[in-house]
Amino acid sequence: MTGRVSSGIPGLDELIEGGFVKNSINLVSGATGTGKSIFGLQYIWHGLQNGENGVYISLEQEPENIFDDVRGFGWRFDQYIEEKKCIIEYLPSWKLEELPVVVTEKINEIKAKRFVLDTLTLVASRLDKIAIRAEISEFLSQLKKSDVTSLLLSEIPEGTKTLSRFGIEEFLADSIVILHYLEFAAGGVPRSLTIRKMRRTDHGTDIYPLSITKNGLVIKK
Ligand SMILES: Nc1ncnc2c1ncn2[C@@H]1O[C@H](COP(=O)(O)OP(=O)(O)OP(=O)(O)O)[C@@H](O)[C@H]1O
Ligand SMILES: [Mg+2]
């Protein structure tokens, strides 16, 4: 049986045979404000509660802003960071070339089991079109060699039917979870989640209502 890594999102693991496939690379896609960053941080936080170290690299936000965003959920990362169980770092765009090295270094430094990149889109958007596929696939094969289960957050342009911004990230990932936000939802449930693919997994295929509670993301029953 394939090992599984719990997502930390109540209600999700039971739809994906217990969690993400161990050592897999998973795309979490969605338009702006759909909860991608919360998803990623909840995944890291859940790992920390279960003795699994985690690395979160943001290309978007300084750690202080990230801490402020999730304080309301009761996720206090500082203690884990001090204990070298968690690394949350901002990598500015002018340092993007260092990303593969930084990622490997940080993962090895704390023997992380979980890795989140926020966002893969920002990596790709700064690369030459032809280089994107080669660069990303090289980065992913490097990730595959480490002993981590990764979430790569990815932006979908608002109102489109694509699964990712560049249309190539999805082929390289082992799974795709999509977060949706329907502004004028009938029945008043604007947030939902779908599992578009997950290799080696008999996954749920419905549209699952999602909400952001005081404990973070939850799939509503
Ligand atoms: N404490 C909270 N309770 C309920 N909803 C919240 C709370 N905090 C944030 N949200 C919702 O989550 C959204 C932000 O989630 P998040 O930052 O994870 O989205 P994102 O997909 O990463 O967006 P971005 O494009 O900005 O990166 C907010 O717009 C708000 O709707
Ligand atoms: Mg975000």
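Our structure is the block above this text.
Residues numbered from 1 in each chain as written. Chains lettered and ligands numbered in written order. Predicted model: local features only at pLDDT ≥ 70, side-chain atom pairs only at ≥ 80, totals over all residues. Heavy atoms only, no water.

Observations regarding the nonpolar core
For step 1, the next point in the chain: Among the nonpolar cores identified, the biggest contains 36 residues, and Leu12, Phe39, Phe77 and Leu193 are the most heavily contacted of them.
For step 2, the next point in the chain: Of all the elements in the fold, those that place two or more residues in this core are helix H1 (36-49), helix H2 (63-70), strand S5 (86-90), strand S7 (149-155), strand S8 (175-181), strand S9 (191-198), strand S10 (208-213) and strand S11 (216-219).
For step 3, the next point in the chain: The element that contributes the greatest number of residues to this core is H1, accounting for seven residues.
For step 4, the next point in the chain: Other than its neighbours up to four places away in sequence, leucine 193 contacts Leu12, Phe39, Val177, Ile178, Leu179, His180, Asp206, Ile207, Tyr208, Leu210 and Ile219.
For step 5, the next point in the chain: Counting 33 residues, the second-largest nonpolar core is a separate cluster that includes Leu99, Ile107, Phe115 and Phe139. (Core = buried A, V, L, I, M, F, W, Y, C linked by side-chain atoms within 4.5 Å. Buried < 20%, exposed > 50% of the residue type's maximum accessible area, 1.4 Å probe, protein only. Helix = DSSP H or I, 4+ residues; strand = E, 2+ residues; numbered from the N terminus. Contact = heavy atoms within 4.5 Å.)

As for the environment of lysine 144
For step 1, the next point in the chain: Inspection of the secondary structure assignment puts lysine 144 in helix H6 (residues 129-145).
For step 2, the next point in the chain: Residues lysine 144 and asparagine 23 lie 121 residues apart in sequence; the distance between their C-alpha atoms is 6.7 Å.
For step 3, the next point in the chain: Dropping the residues within four chain positions of it, lysine 144 is found in contact with Asn23, Ser24, Ile25 and Asp174.

Observations concerning the pattern of salt bridges
For step 1, the next point in the chain: By the definition in use, this model includes ten salt bridges.
For step 2, the next point in the chain: The partner of glutamate 17 in a salt bridge is arginine 4, with the nearest N and O atoms 3.3 Å apart. Placement of glutamate 17 in the loop between strand S1 (4-5) and strand S2 (20-21) and of arginine 4 in strand S1 is noted, with a sequence separation of 13 residues between them.
For step 3, the next point in the chain: A residue is classified by how much of its surface remains accessible, and glutamate 17, at 42% relative accessible area, is partly exposed.
For step 4, the next point in the chain: Between aspartate 147 and lysine 113 there is a salt bridge, with the nearest N and O atoms lying 2.6 Å from each other. (Salt bridge = Lys/Arg side-chain N within 4 Å of Asp/Glu carboxyl O.)

Things to note about the layout of surface pockets
For step 1, the next point in the chain: Here the largest pocket is characterised by a volume of approximately 470 Å³.
For step 2, the next point in the chain: Thr160, Ile178, Leu179, His180 and Tyr181 are the residues nearest the centre of the largest pocket, which is lined by 25 residues in total.
For step 3, the next point in the chain: Of all the secondary structure elements, the ones that give two or more residues to the lining of the largest pocket are S8 and S9.
For step 4, the next point in the chain: Element by element, the count of residues in the lining of the largest pocket is highest for S8, at four residues. (1 Å grid on protein atoms, 1.4 Å probe; cavity = no way out; pocket = protein on both sides within 12 Å on 5 of 7 lines; lining within 4 Å. Points joined across faces, edges and corners; volume = space filled by probe spheres on them.)

Things to note about the site of ligand 1
For step 1, the next point in the chain: All residues adjacent to ligand 1 are Ala31, Thr32, Gly33, Thr34, Gly35, Lys36, Ser37, Ile38, Glu60, Phe73, Arg191 and Ile212.
For step 2, the next point in the chain: One nitrogen or oxygen atom from the side chain of serine 37 is found 2.9 Å from an oxygen atom belonging to ligand 1.
For step 3, the next point in the chain: Here an oxygen atom of ligand 1 sits 2.6 Å away from a polar atom, N or O, in the side chain of arginine 191.
For step 4, the next point in the chain: In terms of residue count, the dominant contributor to the shell around ligand 1 is H1 (three residues). (Near = heavy atom within 4 Å. Polar contact = N/O pair within 3.5 Å; in protein donor to acceptor, adjacent residues only side chain to side chain.)

Details of helix H4 (residues 99-110)
For step 1, the next point in the chain: With twelve residues, H4 should cover 16 Å at 1.5 Å per step; its first-to-last C-alpha distance of 17 Å lies within 8% of that length.
For step 2, the next point in the chain: Among all positions of H4, only Leu99, Val102, Val103, Lys106, Ile107 and Ile110 are buried. The buried residues of H4 occupy an angular sector of 125 degrees when projected down its axis, which confines them to one face.
For step 3, the next point in the chain: Those residues of H4 hidden inside the fold are in contact with strand S4 (54-58), S5, strand S6 (114-118), helix H5 (120-124) and H6. (Expected span 1.5 Å × (residues − 1). Arc of directions from axis to C-beta.)

Focus: unusual backbone geometry
For step 1, the next point in the chain: Geometrically, the link from aspartate 118 to threonine 119 is a cis peptide bond, its omega value of 0 degrees lying close to zero.
For step 2, the next point in the chain: When you line up the elements, threonine 119 lands in the loop between S6 and H5.
For step 3, the next point in the chain: Phi at asparagine 23 takes a positive value of approximately 65 degrees, unusual for a residue other than glycine.
For step 4, the next point in the chain: The residue asparagine 23 is located in the loop between S2 and strand S3 (25-30) in this model.
For step 5, the next point in the chain: Although it is not a glycine, lysine 111 adopts a positive phi angle of roughly 50 degrees.
For step 6, the next point in the chain: For lysine 111, a relative accessible area of 67% corresponds to the exposed category.

The analysis is restricted to geometry; functional conclusions fall outside its scope.
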